[in-house]
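Reading the structure
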Amino acid sequence: MTVIAKFEINFSRFLDSEGRPVAALPAFAARPRDLLPLYRAMLLTRSFDAKAIALQRTGRLGTYASALGQEAVGVGLASAMRPDDVLVPAFREQGAQLWRGVTMVELFSFWGGDERGGDYAGPRQDFPVCVPVGTNAPHAAGVALAMKLRGEGRAVICALGDGATSKGDVYEAMNLAGVWRLPVVFVINNNQWAISVPRSAQTAAETLAQKAIAAGFPGVQVDGNDVIAVRHEVEAAIARARSGAGPTLVEAVTYRLGDHTTADDASRYRDDSQVSQRWREEPILRLRRYLTEAAGWTKQEEEALIGECGAAVDAAADAYLGLPPQPPESIFDHLYATLPPSLADQRAALLQQAGENG
Ligand SMILES: Cc1ncc(C[n+]2csc(CCOP(=O)(O)OP(=O)(O)O)c2C)c(N)n1
Ligand SMILES: [Mg+2]
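Now for a description of the structure that goes with this document.

Reading the values: rules and limits
Note that residues are indexed from 1 along each chain, following the sequence as it is written. Each chain takes a letter, starting from A, and each ligand takes a number, starting from 1, following the order in which they are written. Local features in this predicted model are restricted to residues of pLDDT 70 or higher, and side-chain atom pairs are both shown and tallied only at a pLDDT of 80 or more, whereas totals for entire chains, interfaces and linings draw on every residue. Side-chain calculation: all heavy atoms of the structure are included, whereas hydrogens and water are not. Only nitrogen, oxygen and sulfur atoms within 2.8 Å of the metal, or 3.2 Å for Na, K and Ca, are treated as donors, and water is left out, so sites may look incomplete. Accessible area is worked out with a 1.4 Å probe on protein chains only. A residue is then buried under 20% of its type maximum, exposed over 50%, and partly exposed in between. Axis angles are defined between N-to-C directions and span 0 to 180 degrees, where every axis is a line fitted to C-alpha atoms and, for a helix, only to the segment in contact. Only DSSP runs of H or I with at least four residues qualify as helices, and only runs of E with at least two residues qualify as strands; both kinds are numbered from the N terminus onward. Just so you know how the angles are binned, under 35 degrees is roughly parallel, over 145 roughly antiparallel, 65 to 115 roughly perpendicular, and the rest oblique. Helix crossings fall into two classes, left-handed where the near helix is turned counterclockwise from the far one by less than a right angle and right-handed where it is turned clockwise. What makes two residues a contact is simply this: any of their non-hydrogen atoms within 4.5 Å. Residues were grouped as follows: Ala, Val, Leu, Ile, Met, Phe, Trp, Tyr, Cys and Pro as nonpolar; Asp, Glu, Lys and Arg as charged; and all remaining residues, including Gly, as polar. Stacked, edge-to-face and tilted are the three classes for Phe, Tyr and Trp ring pairs, Trp counted by its six-membered ring, which pair at centre distances within 6.5 Å; planes under 30 degrees apart are stacked, over 60 edge-to-face, the rest tilted. Only heavy atoms are used to decide nearness, and a residue is near a molecule or strand if one of them lies within 4 Å of it. Side-chain atoms alone can form a polar contact between residues adjacent in sequence; in general such a contact is a pair of N or O atoms within 3.5 Å, and within protein one must be able to donate a hydrogen while the other accepts it. Surface accessibility follows the Shrake-Rupley procedure with a 1.4 Å probe radius. Residue values consider only the protein chains on display as shielding. Each nonpolar core is a collection of buried residues, namely Ala, Val, Leu, Ile, Met, Phe, Trp, Tyr and Cys, held together in the definition by side-chain atoms within 4.5 Å. For this document, the term salt bridge refers to a Lys or Arg side-chain nitrogen within 4 Å of an Asp or Glu carboxyl oxygen. Residues enter patches when they are more than 30% accessible in relative terms and free of salt bridges; like-charged ones are connected within 9 Å and nonpolar ones (Val, Leu, Ile, Met, Phe, Trp, Tyr) within 5 Å. A pair of cysteine sulfur atoms is labelled a disulfide when the two atoms are within 2.5 Å. The rule for pairing is simple: two strands pair if DSSP sees at least two bridges between them. Multiplying one less than the number of residues by 1.5 Å gives the expected span of a helix.

1. Looking at the coordination of the magnesium ion (ligand 2)
Protein-derived coordination of the magnesium ion (ligand 2) comes from Asp162 (OD), Asn191 (OD1) and Trp193 (O), at a distance range of 2.0 to 2.3 Å. Residue classification places Asp162 among the buried positions, given a relative accessible area of 0%.

In structure tokens form, the structure reads like this:
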């Protein structure tokens, strides 16, 4: 027998878990303080998550999926994008969305069940949160096809979980993206869990990055707790997409430090000791250690930044809680440009009933 094809998957990391550089840093990180916007964005995401959980626990928000421990994935991928690229998120990308200009009030509103929270004033073309697992992948391929047909030189970034890569629609989207060389980057947030199902029970593949190979494009693995690595590899993938060379898959290896959502209790299916271990590798601590060492980041600066993020989150929560409720018929108003007749009838019936009930 002869070897007719050979593949390999590379792993990228710039900072180890102690925050020590293990490779020459990319240009955007040449001056340590240039990393402060990334650091702030990760802190803001963590603060937003904590508030969202508190609001849910007190009955003022619906079920919520926190990104605790995975802040570097969202912030890293979004900071690699240009404003005119399109983000097609799953449901754990609040770090990316906040970076892109989605407001905290919009995000609270969405998770509070208010459809206006998926209609962003800022990044108008970014897609809203997508809870049906993996269904955003074909959407992303479709957007990328439109960009290609129009010759726009933009890119789509599609965020997916590790569990999503076990789904047929994700393979279908990747297959089309490969064969049509679409300008799309699939970023897999490999947080090791799909609710209670561990990564090892989802797929026998050695890496998730290699799933790109079957679809005919490159896959790379990055340390998903190293925001520099995530940004650097996604930037390279976006440049490839824009140049017409086609898609890339970036697998960001991280860990879900929190419950799956506020409707979950992860202590029922995983060991606390495993989680404590993973806290040592978390992305914010890692970058803080680097900033302290390389940029003289002080305790005072740290406290001021935490205070500033907390105040911004509190103000957004107050604004969300102060929003007037939506009228009941709004449940019909955010899915279709033109309502199909059957739904138009239901909307009219609802309005009539609401009128009769005063
Ligand atoms: C099509 C579909 N099936 C099942 C669910 C229920 N569900 C919600 S999240 C989830 C696991 C997703 O795991 P992963 O893709 O790894 O994303 P993570 O939640 O870890 O970010 C499942 C099964 C769903 N939302 N959509
Ligand atoms: Mg997962």
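The structure having been displayed, the exposition proceeds.
2. Focus on the packing of helix H4 (residues 104-111) against helix H12 (residues 299-321)
Between H4 and H12, the shortest axis-to-axis distance is 9 Å and the interhelical angle comes to 50°. When the interaxial angle is binned, H4 and H12 end up oblique. Seen from above, H4 lies across H12 with right-handed handedness. The segment H4 lies against H12, with Met104, Val105, Phe108 and Ser109 engaging Ala312, Val313, Ala316, Ala317, Ala319 and Tyr320. Residues belonging to the contact of H4 with H12 are distributed by class as follows: nine nonpolar, one polar and no charged.

3. A word on the packing of aromatic side chains
For any pair of aromatic rings, the description rests on two quantities: the centre-to-centre distance and the angle between the ring planes. One pass over the structure, following the stated rule, counts eight aromatic pairs. Summarising the aromatic geometry, the rings of Phe110 and Trp111 are spaced 5.1 Å apart at their centres and angled 90° between planes, so their arrangement reads as edge-to-face. Relative accessible area serves as the criterion here: at 21%, Phe110 is assigned to the partly exposed category. Look at Trp111 and you get buried, because its relative accessible area is 11%. Pairing Phe186 with Phe217 gives two aromatic rings, centres 6.1 Å apart and planes at 25°, and the pair type is stacked. Highlighted residues: Phe186 in strand S4 (residues 184-190) and Phe217 in the loop between helix H8 (211-214) and strand S7 (219-223), separated in sequence by 31 residues.

4. Here we look at the environment of Leu351
Position of Leu351 among the secondary structure elements: in helix H13 (residues 341-356). Here the alpha-carbon distance between Leu351 and Pro327, two residues 24 residues apart in the chain, equals 9.6 Å.

5. Some points on the site of ligand 1
Lining the immediate environment of ligand 1, one finds 15 residues, of which Arg92, Gly163, Ala164, Asn191 and Trp193 sit closest. Between ligand 1 and the protein, one listed contact pairs an oxygen atom with a side-chain N or O atom of Arg92 at 2.8 Å. When isolated, ligand 1 has an accessible area of 580 Å², and the protein chains bury 71% of it. Of the residues belonging to the shell around ligand 1, the class tally is eight nonpolar, four polar and three charged.

6. Overview of the nonpolar core
If you look at the biggest cluster of nonpolar residues, it comprises 65 residues, and the most contacted ones within it are Leu35, Tyr39, Leu77, Phe108, Ile157 and Leu287. Tallying contributions element by element places helix H1 (residues 36-57) first for this core, with ten residues. Setting aside residues no more than four positions away along its own chain, Leu77 makes contact with Ala72, Leu87, Ala96, Ile157, Val187, Val230 and Val234. Of all hydrophobic cores here, the second largest spans 26 residues; its members include Ala141, Met147, Ala177 and Ala209.

7. Observations concerning the side chain of Asp114
Within the fold, Asp114 resides in the loop between H4 and helix H5 (136-150). Among the polar contacts listed, one links the side chain of Asp114 to the side chain of Gln326, at a separation of 3.0 Å.

8. Re the pattern of salt bridges
One pass over the full model with this rule turns up 23 salt bridges. Between Arg46 and Glu71 there is a salt bridge, and its shortest N-O distance comes to 2.8 Å. You can see Arg46 sitting in helix H1 and its partner Glu71 sitting in helix H2 (residues 71-79), a full 25 residues away along the chain. Like Arg46, the residue Glu71 is buried in the burial classification. Between Asp264 and Arg256 there is a salt bridge, and its shortest N-O distance comes to 3.8 Å. For the pair shown, Asp264 and Arg256 are each scored as buried.

9. Quick look at a nonpolar patch on the surface
A surface patch of nonpolar side chains, amounting to about 280 Å² of accessible area, comprises Leu176, Val179 and Trp180. The topology assignment puts Trp180 in the loop between helix H6 (168-179) and S4.

10. Quick word on the state of the cysteines
One covalent bond between the sulfur atoms of two cysteine residues makes up a disulfide. Applying the stated rule across the entire model yields zero disulfides. Here Cys130 is not disulfide-linked; the sulfur of Cys158 is the nearest cysteine sulfur, at 8.5 Å. In this structure Cys130 comes out as buried when scored by relative accessible area, which is 10%.

11. Digging into the sheet that holds strand S1 (residues 11-12)
What the six strands build is an open sheet, ordered S1-S7-S8-S4-S3-S2; its pairing is parallel. Looking along the sheet, the strands with just one partner apiece sit at the ends: S1 and strand S2 (86-88). Pairing of strand S3 (residues 156-161) with S4, which is carried by six bridges, proceeds in the parallel orientation. What sits directly across from Ile157, in S4, is Val185. Across the sheet, helix H9 (residues 227-242) is in contact with S1, S3, S4, S7 and strand S8 (248-253); its angle to S7 comes to roughly 155°.

12. Regarding the side chain of Arg46
Residue Arg46 is classed as buried on the basis of its relative accessible area of 17%. One polar contact links Arg46 to Glu282, side chain to side chain, over a distance of 2.8 Å. Ignoring sequence-local partners within four residues, the contact set of Arg46 consists of Leu68, Gly69, Glu71, Trp279, Glu282, Pro283 and Ile284.

13. Remarks on H6
Along its twelve residues, H6 runs 17 Å from first to last C-alpha, staying within 8% of the 16 Å computed at 1.5 Å per residue. Among all positions in H6, only Asp169, Val170, Ala173, Met174, Ala177 and Gly178 are buried. Considering only its buried residues, H6 is in contact with H5, S3, S4, H8 and S8. Arg181, located one to two residues past H6, shows a positive phi value of around 45°.

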